[in-house]
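# Architecture at a glance
What follows is the residue order along each chain.
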Amino acid sequence: MWDMETLLILIDSSPFMVLFKDKQGRWIWMNQSFIKEMGLPPREEILGKSTQDLLPESKGLRREDREVITKGEPLLGLLRKVTLPSGRKRWHLTDKIPIKLSGDEVVGIAVFIRDVTEQREAQRKLERLNRVLEVIQNVNQLIVREKLGRNHLLNEICNILVNGQCYESVWIILLDPQRGDLLNIFSLTETKVEMKRCLSPQLISYLTPDSKDGFLDFKYEYLVRMGWQLSKRYTGKTFITSRLEHGEETYGIICALLPKDIELEKKEKDLFLTLADDIAYAMRKLDIRDELHREKVFWEKLFNVSPEGVILCSPDGRILRANNAFCRIFEFSTPEEVIGKNIDSVVANERTLEEARSLTEAAARGESVSAESVRQKANGTPIDVSILGVPIKIDENLAGIYAIYRDITDKKIYERAMKENIATLSHAWRQTIELLASVGELRDPYTAGHQKRVGGLAKFMAMKMELSPESVDAVEMSSLVHDVGKIKVPAEILSKPGPLDEVEYLLVKTHPQAGYNLLKDIDFPWPVAEIVLQHHERLDGSGYPQGLKGKEILQEARIIAVADVVEAMASDRPYRKALGIEAALKEIKRGCGTLFDEGAVDACLALFEEGLMIPLFEMYRT
Ligand SMILES: [Fe+2]
């Protein structure tokens, strides 16, 4: 066994402070750690003295000593902050154990003291960080649930940060993103007024971090030197600021005052930057929400004020929304009257239901559809409308159908009037043409009926070739006057019973140009003069008067050329007897594609094969 001296040597080198006292509080023995920490003289000089003699500041210790001696039980884990004689402040954890020699008689106290300042400090920092973290969580919950808008949110964040004992004061300062001017300050009331007084434009710039991480910290004294008029209660305290930015957007800064005794550390700074990020995110979120709201209001207004009837349908044609113009066009009192109903059953009647359904189905397949049709009003009255149906796709899925209805009653009335007008005019032109034709034929009895027969044949050919109604009219009208220029050719030549000499033939060949000259100034709705001019042209350029080729010749003129040849060969002429239909058809077959238009030849042959043209020819035979 070790003797007492060995044990004391061991205790003397312990990092713990150890002090033995007798029943009266006199110091029996103490180790070197105790002497050093308490700044005491050498051991020989203080043995036998008491706490009262050497550490007069340590009042209250005697009460504890008395309790240990009286009760004979230890007092453990006594934590206290002490100011050492050197002035250093430390945290001591003390255990006091009663010393019993025999039986239960207490003869003294053994005091064991540990310096726990470092652990205590680390714990305090951890508690601080936990508090900040907790407050950030509360701010985030607020951001997630926020419904009352930006001002309410920012005021509430200031409340949470200050009342959660995280920061002594907090200011959220919103700045103009372009010019950096102050827009608004959010804080608790009294500090808000104070900060507003301080924030002149140049002082804002001192507060605005331009560091990469957007963070800045400074002491009260620095701000005062820069001209800030801040209360003296901030003396010695630290201000921290961070930019509030999200993506490209910078909203301003958040400035907070750290509590006294809190030294700025990296973790504290990181948490503050996280907080600033969260607030900037919230502001962006609210901006987007406001933008969406504004956009929604804009589209709602556009939808409602549109002069055209607009509805939004589900893909199966159920009306989800209808605007006022739709109700006005179809004479419903309110949109609610039609919402939920099928669009086709609302605006189509029995006659148009199938057509309406096919439009809706096409839109539901993703096609854009447009049509002019007749629909019915709420009271069953028909109404002319134009309809435009547009499928609305979201991520390639059909979300609905957007349909626009326009009342085209006025347009239809105008169109009908125009049609009647054109029919009247057309009739007048036909009379003019017939008059011109009859004048020509009066001078030339041998060709009397020729133009009528060419007109009949050419018209049927044009129809067979499926030309437009306007072109069919042009072919017929031009045919009826195609030889009108012959009135310029001497009658003796036209009626000469024998072959023509060269000069006579040249004179006859002037009739297309003469016809053109007669007709060119008459404002027909068809190019009659040009067609007449070209009716002796041939595909290969061998015709007259211009020697045009192929497509240079108007299609109407190419048709008349075929009809003219067939009729001429099939009829008697002053200088010969009729050669017959068979010979005529053979002739156009021979010239098909070289002299004559292939389509026109085919149409002509088909008409004779069908036996349609013989009665016509017979009808006009003189
Ligand atoms: Fe002719």
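Sequence positions are assigned chain by chain, starting from 1 and proceeding in written order. Per-residue local features of the predicted model are confined to residues with pLDDT of at least 70, and side-chain atom pairs are confined, for both listing and counting, to 80 or more; whole-chain, interface and lining totals are unaffected and use all residues.

### Considering the overall build of the protein chain
- Scanning the protein chain from terminus to terminus reveals 25 helices and 15 strands.
- Computed over the C-alpha atoms, the radius of gyration of the protein chain is 56 Å, more than 25% above the 25 Å expected from 2.2 N^0.38 for a compact globule of 622 residues.
- By its C-alpha atoms, the protein chain is 175 × 60 × 55 Å across when sized along the principal axes.
- Field definition: a residue is buried when 20 or more other C-beta atoms are found within 10 Å of its C-beta, exposed when 12 or fewer are, and partly exposed for counts in between, with C-beta atoms placed from the backbone. Split into buried and exposed, the 622 residues of the protein chain put 27% on the buried side.
- Contact criterion: two residues are in contact if their C-beta atoms, reconstructed from the backbone, are within 7 Å. For the protein chain, the share of sequence-separated contacts (at least 6 apart) that also reach a separation of at least 24 residues comes to 53%. Counting from the N terminus, the helices are the DSSP runs of H or I reaching at least four residues and the strands are the DSSP runs of E reaching at least two. Two things to know: the radius of gyration comes from C-alpha atoms, and the globule rule equals 2.2 Å times the number of residues to the power 0.38.

### Some remarks on the domain arrangement of the protein chain
- Start and end positions for the domains come from either an automated domain assignment or a database one. For the protein chain, the domain assignment lists domain 1 (4-115), domain 2 (122-290), domain 3 (308-407) and domain 4 (419-619).
- Each of domain 3 and domain 4 was reduced to a C-alpha centroid, and the two centroids are 52 Å apart.

### As for the environment of Glu-127
- Inspection of the secondary structure assignment puts Glu-127 in helix H6 (residues 117-145).
- Judged by the 10 C-beta atoms lying within 10 Å of it, Glu-127 is exposed.
- In this structure the C-alpha to C-alpha distance between Glu-127 and Met-283, which are 156 residues apart in sequence, comes to 29 Å.

### Concerning the sheet that holds strand E5 (residues 106-115)
- Whether two strands pair depends on DSSP finding at least two bridges between them. The five strands lie next to each other as E2-E1-E5-E4-E3, forming an open sheet whose pairing is antiparallel. Bordering the open sheet on either side are strand E2 (27-30) and strand E3 (75-83), each of which pairs with just one other strand. With direction set aside, neighbouring strand axes in the sheet form an average angle of 25 degrees.
- Sheet topology places strand E1 (residues 17-22) next to E5; six bridges connect them, and they run antiparallel. Counted as the bridge partner of Asp-22 is Gly-108 from E5. Axes here refer to lines fitted to C-alpha atoms; in helices the fit is confined to the stretch in contact. Angles between the N-to-C directions go from 0 to 180 degrees.

### Considerations on the sheet that holds strand E12 (residues 319-322)
- Taken together, the five strands give an open sheet; going across it, the order is E12-E11-E15-E14-E13, and neighbouring strands pair in antiparallel fashion. The sheet terminates laterally at E12 and strand E13 (369-376), the two strands that pair on one side only. Taken over all neighbouring pairs, the strand axes of this sheet differ in orientation by 30 degrees on average, direction set aside.
- Across three bridges, the pairing between strand E11 (residues 309-313) and E12 is antiparallel. Within E12, the position partnered with Leu-312 by the bridge is Arg-321.

### Here we look at the nonpolar core
- For this entry, the nonpolar core is defined as buried Ala, Val, Leu, Ile, Met, Phe, Trp, Tyr and Cys residues connected by C-beta atoms within 7 Å. Ranked by internal contacts, the top residues of the largest apolar core, which has 44 residues, are Met-461, Val-562, Ala-563, Val-566 and Cys-604.
- In terms of residue count, the dominant contributor to this core is helix H22 (residues 555-570) (10 residues).
- Setting aside chain neighbours within four positions, we find Ala-563 in contact with Val-454, Leu-457, Ala-458, Met-461, Ser-479 and Cys-604.
- Counting 37 residues, the second-largest nonpolar core is a separate cluster that includes Val-170, Phe-272, Ala-282 and Met-283.

### Comments concerning the packing of helix H16 (residues 450-464) against helix H17 (residues 469-480)
- Two numbers describe how H16 lies on H17: the axes approach to 8 Å, and their chain directions differ by 165 degrees. Classified by the angle between their axes, H16 and H17 sit roughly antiparallel to one another. For the pair H16 and H17, the sense of crossing is right-handed. Contacts between H16 and H17 involve Gln-451, Lys-452, Val-454, Gly-455, Ala-458, Lys-459, Ala-462 and Met-463 from the first element and Ser-471, Val-472, Val-475, Glu-476, Ser-479 and Leu-480 from the second.
- Only Asp, Glu, Lys and Arg are considered charged in this grouping, and only Ala, Val, Leu, Ile, Met, Phe, Trp, Tyr, Cys and Pro are considered nonpolar; every other residue, Gly among them, is considered polar. Across the contact of H16 with H17, the residue classes break down as seven nonpolar, four polar and three charged. Roughly parallel means an angle under 35 degrees; roughly antiparallel, over 145; roughly perpendicular, 65 to 115; everything else is oblique. When the near helix sits turned anticlockwise from the far one by under a right angle, the crossing is termed left-handed; a clockwise turn instead gives a right-handed crossing.

### With respect to the packing of H16 against helix H24 (residues 598-609)
- In the contact formed by H16 and H24, the axes pass within 9 Å of each other and the chain directions differ by 110 degrees. By the angle class used here, H16 and H24 are roughly perpendicular. Contacts between H16 and H24 involve Phe-460, Met-461 and Lys-464 from the first element and Ala-600, Ala-603, Cys-604, Ala-606 and Leu-607 from the second.
- Along the lines of polarity and charge, the residues of the contact of H16 with H24 split into seven nonpolar, no polar and one charged.

### Notes on the pairing of E11
- Taking burial as the measure, the five residues of E11 include four buried ones, the bulk of the element.
- Note that E11 and strand E15 (residues 397-407) share five bridges and pair antiparallel. The residue of E15 that forms the bridge with Leu-312 is Tyr-402.
- Hairpin connection from E11 to E12: five residues lie between these consecutive antiparallel strands, with Gly-317 at a positive phi of about 90 degrees.

### Describing unusual backbone geometry
- The amide bond that connects Tyr-544 to the next residue, Pro-545, takes the cis arrangement and shows omega of 5 degrees.
- Take Pro-545: it is sitting in the loop between helix H21 (528-533) and H22.
- Despite not being glycine, Glu-466 shows a phi value in the positive range, around 60 degrees.
- Among the secondary structure elements, Glu-466 is positioned in the loop between H16 and H17.
- Residue Glu-466 is classed as exposed on the basis of its C-beta count, with 10 C-beta atoms lying within 10 Å.

### Regarding H17
- By this rule, a helix spans an expected 1.5 Å times one less than how many residues it contains. Look at H17: 17 Å from first C-alpha to last across 12 residues, which is about the 16 Å you get at 1.5 Å a residue.
- Taken across its 12 residues, H17 has nine buried, putting it largely inside the fold.
- Residues Val-472, Asp-473, Ala-474, Val-475, Glu-476, Met-477, Ser-478, Ser-479 and Leu-480 constitute the buried set of H17.
- In this fold, the buried residues of H17 make contact with helix H15 (409-443), H16, H21 and H22.

### Describing the confidence of the model for the protein chain
- Values of pLDDT, ranging from 0 to 100, describe the predictor's confidence in every residue of the model. The predicted model of the protein chain has a mean per-residue pLDDT of 87, with 96% of residues at 70 or higher.
- No element of the protein chain has a lower mean pLDDT than helix H25 (residues 614-619), which averages 66, and none a higher one than H21, which averages 96.

### Points about the environment of His-511
- With respect to the helices and strands, His-511 occurs in helix H20 (residues 511-519).
- Judged by the 23 C-beta atoms lying within 10 Å of it, His-511 falls in the buried class.
- For the pair formed by His-511 and Lys-488, sequence separation is 23 residues and the distance between their alpha carbons is 7.1 Å.
- Discounting residues that sit within four places of it in the chain, His-511 has contacts with Asp-483, Gly-485, Lys-486, Lys-488 and Val-489.

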